[in-house]
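What follows is each chain in one-letter form.
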Amino acid sequence: MTLNRLISRRHVLRTGAAFTAISTLSPARVAMAGPTEDPFLLRAAAGQAALRPAPYGPTDVWSYNGSLPGPEIRVRQGDRIRVLARNGLNEGTTVHWHGIRTPNAMDGVPFLTQDPIPVGGEFLYEFDALDAGTFWYHPHQRSSEQVGRGLYGPLIVEEANPIRVDRDLTWMLDDWRMTGDGQIATDFGSRHDAMHGGRIGNSVTINGQIPDRIAVRSGERIRLRLVNAANARIFGLDFGGLAPVVVALDGQPVSPHVPDDDIVVVGPAMRVDLVIDMTGKPGESLTITDVFYRDLEYRLVDLAYGPDRLRDAVPDWSMELPPNPLAEPDMQAATRHQIIFNGGMMGQMMMGGGMGSMMEQMREGNMWFINGKAATGHMMDPLLVLPQGTSHVLQMDNRTAWHHPMHLHGHSFRVITRNGQPTRHREWQDTVLMAPEERVEIAFVADNPGDWMFHCHILEHQAAGMMGIIRVDPGTTKT
Ligand code: C2O
Ligand code: CU
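Residues numbered from 1 in each chain as written. Chains lettered and ligands numbered in written order. Predicted model: local features only at pLDDT ≥ 70, side-chain atom pairs only at ≥ 80, totals over all residues. Heavy atoms only, no water.

A. View of the overall build of the chain. From N to C terminus, the chain includes five helices and 32 strands. Within the chain, contacts between residues at least 6 apart in sequence are counted, and of these 78% link residues at least 24 apart. (Helix = DSSP H or I, 4+ residues; strand = E, 2+ residues; numbered from the N terminus. Contact = heavy atoms within 4.5 Å.)

Here it is in structure tokens:
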């Protein structure tokens, strides 16, 4: 399939699309019930969604509470989140709270932290929102298909004193592989996708719609929370002359900065909070372009200024978010671990772990390896056992020809170096995008006890073995 052809088809689809008011792009919001009230009910089931503008008909999807994305769960930092997940699908599922530091039993990983919720069954998720920021939820069972069919939603934890903005918007970006008749292509689990960059689609949506134009006002300041819910697509957004400032990554505050080359890169599962001043004039419009893949640039959406002006000058309000209560790794005492990634098309199969054993595992359908091992399910030996409370540096070495957004559950980590160079912001992340052949070091305190998934969030890579367990052991003491 050629992406170019499909993308140009998408442009054709857009012709004649109606003006999309931004309000219709805001997910439904739910406030969290108090501890004595009923939990919030989140039901996964097959449904339909109007991904494409009229006159095209709806697309069959799997969604939460019949909406796509699922409802925006919005709480205050320190609140207790209580969600009763009900399974209306025809197969088992779970809910994982991506980036949230939950107790292990609430992490939603089937066969590791809980049994899958059976068809017709329920599971009560209950945990405190320790960190403010932009998070999301999705199943962790057969994720490539369940997430790929639309099961995901935003989870926003508000700061006690948020930064001042005129509007606070969430955009969940997704990428769908659609057939000519507007349905989701059923080729989940394709071997070709797994060996290459994952399931890249041909139709990009913002909050479940292929948008055309979004209304803004001259002079307004917007906090834009970008969430990449795509299986595999990496976004690199060019805001067409605007100067977005990054204020948080993966929910965690970062010193406000303009991104490199003014391109906002969001890998699968990652979040970027931006502060954007709408500096254009009334009546103007601009195009947000996704330029991540060379020669495959496309228009994501246009922003259209309304006739009036909200204010004349850019406000001088602070963009600095208050830090979250994360434990600072002790770099002197930290234990270092080497983690080598191999596999995929054009990978350096020879390096690390032993060629023979990887060839053997490939015959079983695995294509990606962490320290020479492919995950064959969730019941595997841990990659690392870390005594609770100790500091660690993972020296990650991507010996493949592909990008990998590597995600660690239950913790946030600091990204400290890339190819040996210290990072400018020592940013906290829960998912770090490694470029082909890149070496990335992350540091964290193993302070949350339990068995935690460590995996690539290109969901087809995860399914083809790019996954391991990091055990934080409350019972071992550091020797
Ligand atoms: Cu977003 Cu292991 O998950
Ligand atoms: Cu990967």
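B. Geometry of the sheet that holds strand S17 (residues 263-266). Strands sit in the order S12-S20-S19-S14-S17 across an open sheet of five strands; the sheet is mixed. The open sheet is flanked by strand S12 (213-218) and S17, the only strands paired with a single partner. Recorded for the sheet is a direction-independent mean angle of 25° between the axes of neighbouring strands. In the sheet, S12 pairs with strand S20 (residues 298-309) via five bridges, with the strands oriented parallel. For Ala 215, the partnering residue across the bridge sits in S20 and is Ala 304. (Pairing = 2+ DSSP bridges. Axes fitted to C-alpha atoms, helices over the stretch in contact; angles between N-to-C directions.)

C. Examining the side chain of Ser 190 more closely. Looking at the secondary structure, you find Ser 190 in the loop between strand S10 (167-176) and helix H3 (191-195). Under the relative-accessibility criterion, Ser 190 is labelled buried at 19%. Within the local environment of Ser 190, its side chain forms a polar contact with the backbone nitrogen of Asp 193, the two atoms lying 3.0 Å apart. (Buried < 20%, exposed > 50% of the residue type's maximum accessible area, 1.4 Å probe, protein only. Polar contact = N/O pair within 3.5 Å; in protein donor to acceptor, adjacent residues only side chain to side chain.)

D. Spotlight on the coordination of the copper ion (ligand 2). Listed as protein donors to the copper ion (ligand 2) are His 404 (ND1), Cys 456 (SG) and His 461 (ND1); their distances from the metal cover 2.0 to 2.1 Å. Counting the intervening residues between successive donors of the copper ion (ligand 2) yields the motif H-x51-C-x4-H. Of this pair, His 404 sits in strand S25 (residues 404-408) while Cys 456 sits in strand S31 (residues 450-456), placing them 52 residues apart in sequence. (Donors = N, O, S within 2.8 Å, 3.2 Å for Na, K, Ca; no water.)

E. Main features of the layout of surface pockets. Computed from the structure, the largest pocket encloses a volume of approximately 820 Å³. Around the largest pocket, the lining is made up of 25 residues, and of these Asp 260, Ile 263, Val 265, Arg 418 and Glu 427 lie nearest the centre. When residues of the lining of the largest pocket are traced back to their parent elements, those giving at least two are strand S15 (245-249), S17, strand S27 (421-422) and strand S29 (431-434). Of all the elements, S17 adds the most residues to the lining of the largest pocket, at three residues. Partitioning the lining of the largest pocket into residue classes produces 13 nonpolar, six polar and six charged. Each of domain 2 (165-307) and domain 3 (333-471) contributes no fewer than three residues to the lining of the largest pocket. (1 Å grid on protein atoms, 1.4 Å probe; cavity = no way out; pocket = protein on both sides within 12 Å on 5 of 7 lines; lining within 4 Å. Points joined across faces, edges and corners; volume = space filled by probe spheres on them. Nonpolar A, V, L, I, M, F, W, Y, C, P; charged D, E, K, R; others polar. Domains from an automatic or database assignment.)

F. A look at the pairing of strand S2 (residues 40-49). In this sheet, strand S5 (residues 80-88) lies alongside S2 in parallel orientation, the contact comprising six bridges. Residue Arg 43 lies in a different strand from S5, and its bridge partner there is Arg 86. Across six bridges, S2 lies against strand S3 (residues 59-64) in antiparallel orientation. Within S3, the residue paired with Ala 49 across the bridge is Thr 59.

G. Structural context of the packing of aromatic side chains. What the rule picks out here adds up to seven aromatic pairs. Seen in terms of ring centroids, Trp 97 and Phe 127 are 5.3 Å apart; in terms of plane orientation they differ by 55°. Their pairing is tilted. Taken together, the residues Trp 97 in strand S6 (residues 96-98) and Phe 127 in strand S7 (residues 122-128) connect sequence positions 30 residues apart. A single burial state applies to Trp 97 and to Phe 127, both of which are buried. Residues Phe 292 and Tyr 293 carry aromatic rings whose centres are separated by 5.0 Å and whose planes lie at 85° to one another, so their mutual orientation is edge-to-face. With relative accessibility at 22%, the residue Tyr 293 sits in the partly exposed group. Each residue in the set Tyr 64, Trp 97, Phe 123, Tyr 125, Phe 127 and Tyr 137 is aromatic and connected to the rest through ring pairs, giving one cluster. Over the ring of Phe 188 we find Arg 199, and its NZ or CZ is 3.8 Å from the ring centre. (Phe/Tyr/Trp six-rings, centres within 6.5 Å; stacked < 30°, edge-to-face > 60°. Lys NZ or Arg CZ within 6 Å of the ring centre and 35° of its normal.)

H. Broad picture of empty space enclosed by the protein. Inspection of the entire model under this criterion finds six cavities of 30 Å³ or more. Considering only enclosed or pocket space, the largest cavity measures out at about 70 Å³ in volume. Forming the walls of the largest cavity are 12 residues, and the residues nearest its centre are Trp 171, Ile 222, Leu 224, Met 278 and Leu 303. Those elements giving two or more residues to the lining of the largest cavity turn out to be S10, S12 and strand S13 (221-228). Per-class residue counts for the lining of the largest cavity are 12 nonpolar, no polar and no charged. Looking at the second largest cavity, its volume works out to about 60 Å³. Every residue lining the second largest cavity is listed: Arg 101, Leu 326, Ala 327, His 411, Ser 412, Trp 428, Phe 444, Val 445 and Asp 447.

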